[in-house]
Each structure stands twice: as C-alpha cells, then as structure tokens.
Amino acid sequence: MTQPTVIRRVPDTFLPRFRVLDAYSCIGGATKGIKRAIPGVHVTGVDIQAQPDYCGDVFHQGDAVEFIRVHGHEFDFIHASPPCQGEGAPTKGTNRARNAAIGRTYPRLIAPTRAALESTGRPYVMENVAGSEVRKDLRLCGEMFSLGVLMHRYFELGGWTTAQPAHPQHRGYVRGWRHGVYRDGPYVAAYGSGGGKATVEEIRTAKGIDWSTDHLRLREALPPAYTEWIARAYLATLTPALEVAA
C-alpha cells in the first residue's frame, strides 16, 4: 500500500510578512527567482533607471545605495547587483586607461553598497562578475541549472552562509565569433550585439525570462534560477523545520 508523503510547508503566517529588497533590480531577474522560491514573498525593486518591465511588487526609481541606507532595515533579506561595468576585468588595466582617454567612466559601487548593506544588520547577498571586488563566497553558472547561458557570477553572502554546489562540466562552446574564429555550441552569448550574439528570443529562452522583450535589459538581467537557488538556500538556514531544499 502506498503511504502518503508528508510535505512540510513554510507556514502561511510567516511567508506574507517576508519582505525582500532587490537593489539594482533592472527588470527583476533576481526578483523572479526569489518569488519562485518563497510563496507569498513581497519583493521591492530599486534602480537608478526606470524599469517598466520590473516584475516585483513595488518599484522605486532612485539611488540604490541611498535606498539601502535609509530603508534596508525594513526588509528581511536584501539582494544587490551593483553594475558590473566598473568592476570586471574589461574595465581594468589598459582597458580602463583607454576608457578614461575617451571620457568613458564607470562608478565603482561594490564598496559603498557593501557598507550600506552591512549598516542595515540584515542578511544579504551581493552579486557581481569575475574580477570584481565581491567576496567569492559562492559561484553559480548557467550549466548548474541546464540554462542556455554560462554566465558565471560570484556572490558575497552577508550574515549567513551555504555550501558551494558542484560545478558541472560545460557541454561545449558559447556560440559566436571570438578572436576571428566562429564556434557553434549549446550556449548563447547574452551580451553585446552582432558577431553571433543572442537575439531577444534566444536570451529569453536561455535565461528563463518571459516578461520582457528589451534586448539591453535582458542582457543585463540575472537568470531567475540563480536567486531561486539562493533564496531556498537562505530559507534552509532559518530553521530545519522549514526543510526547504536548496
């Protein structure tokens, strides 16, 4: 005789009060993942630019660092994705000098964002690219979630911790031109344009984003699968009784 399976759920009295801030939200790739992981969660997004496609509950246009400083303590958990243009390897060394020569500058926002996050006393996760100054507590890759992008990202965890998941072997190349050579592969290049870069529909499919058709915003957005995993991992640290598998 088949025995019924007991499924423990997060109590309804707990979840509606759980509030998350998604700083530098863009269209809400991180927001969508958090919503998938935590039923009933309320997510507020903040971004310096208008985001008409934002998929969360409330959106504020303004400075993310200032918003975290003033309002961060009102949330149970904070996710932050400072713009990577001023952080990664392409903007360092000779490339940074070249950008400066043509008057192109990018803000360095990781340090002030970290300071604002730590001032709230709330648990947080801050995401950025390889070569940035985020602490490399966690590394996620699209292949971990069977996505059509690789998009390696690093995450600094504040006030909590979790184990690093296994990084599976990549199945091949990122499709497109690189150093004058065209390669086909199972992943698309969800950045830039031309040279075999992904189209709007290809990025939507590859990242698992179905609520926007803005090519630039799609390129910038974090795949929801990343923060869905992170949110489940965080919930699992709150109490073993929740038994939320990350």
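Everything below is about the structure printed above this text.
Residues numbered from 1 in each chain as written. Predicted model: local features only at pLDDT ≥ 70, side-chain atom pairs only at ≥ 80, totals over all residues. Heavy atoms only, no water.

Trainee: Help me out: how do you make sense of the pattern of salt bridges in this one?
Mentor: Here the idea is simple: oppositely charged side chains can pair when their charged atoms come close. Scanning all chains against the criterion turns up 12 salt bridges. Aspartate 57 is the salt-bridge partner of lysine 35, the closest N and O atoms lying 2.8 Å from each other. Of this pair, lysine 35 sits in helix α1 (residues 29-37) while aspartate 57 is found in the loop between β2 (42-47) and β3 (58-61), placing the two residues 22 residues apart along the sequence. Between glutamate 156 and arginine 135 there is a salt bridge whose closest N-O contact spans 3.4 Å. Here glutamate 156 is found in strand β7 (residues 153-158), whereas its partner arginine 135 is found in the loop between β5 (124-128) and β6 (138-140), with 21 residues between them in sequence. (Salt bridge = Lys/Arg side-chain N within 4 Å of Asp/Glu carboxyl O. Helix = DSSP H or I, 4+ residues; strand = E, 2+ residues; numbered from the N terminus.)

Trainee: What is the right way to look at the sheet that holds β2 in this model?
Mentor: Sheets are built from strands that pair by backbone hydrogen bonding, the pairs being arranged parallel or antiparallel. The strand order across the open sheet formed by seven strands is β3-β2-β1-β4-β5-β7-β6, and the pairing between neighbours is mixed. This sheet does not close on itself; its edge strands, each paired only once, are β3 and β6. The mean inter-strand angle of the sheet, taken between neighbouring strand axes irrespective of direction, is 20°. Here β6 runs beside β7; their pairing, made up of three bridges, is antiparallel. Residue pairing in the sheet places leucine 138 in a bridge with phenylalanine 155 of β7. This element, helix α7 (residues 224-238), spans β4 (77-80), β5, β6 and β7 of the sheet and lies at about 145° to β6. (Pairing = 2+ DSSP bridges. Axes fitted to C-alpha atoms, helices over the stretch in contact; angles between N-to-C directions. Contact = heavy atoms within 4.5 Å.)

Trainee: Hey, could you run me through the side chain of threonine 227 in this one?
Mentor: Looking at where threonine 227 falls in the secondary structure, it is placed in helix α7. Judged by relative accessible area, which is 2%, threonine 227 ranks as buried. Once residues lying within four places of it in the same chain are set aside, the contact partners of threonine 227 are Gly29, Ala30, Gly33, Ile34, His79 and Leu222. (Buried < 20%, exposed > 50% of the residue type's maximum accessible area, 1.4 Å probe, protein only.)

Trainee: Would you mind going over unusual backbone geometry with me for this structure?
Mentor: What you tend to see is this: most non-glycine residues have negative phi, and most peptide bonds are trans. Of note, cysteine 26 is a non-glycine position whose phi angle comes to about 55°, a positive value. Examined against the element boundaries, cysteine 26 turns out to sit in the loop between β1 (19-23) and α1. Cysteine 26 sits in the buried class, given a relative accessible area of 7%. One non-glycine residue, methionine 151, lies in positive phi territory at about 45°. Within the fold, methionine 151 resides in the loop between β6 and β7.

Trainee: What exactly am I supposed to notice about the side chain of arginine 175 here?
Mentor: Note on placement: arginine 175 falls in the loop between β7 and β8 (176-178). A polar side-chain atom of arginine 175 sits 2.8 Å from a polar atom in the side chain of glutamate 202. Every residue in contact with arginine 175, bar those within four places of it in the chain, is listed here: Tyr182, Arg183, Asp184, Gly185, Tyr187, Val188, Ala189, Gly196, Lys197, Ala198 and Glu202. (Polar contact = N/O pair within 3.5 Å; in protein donor to acceptor, adjacent residues only side chain to side chain.)

Note that all results are geometric; they support no functional claim without further evidence.
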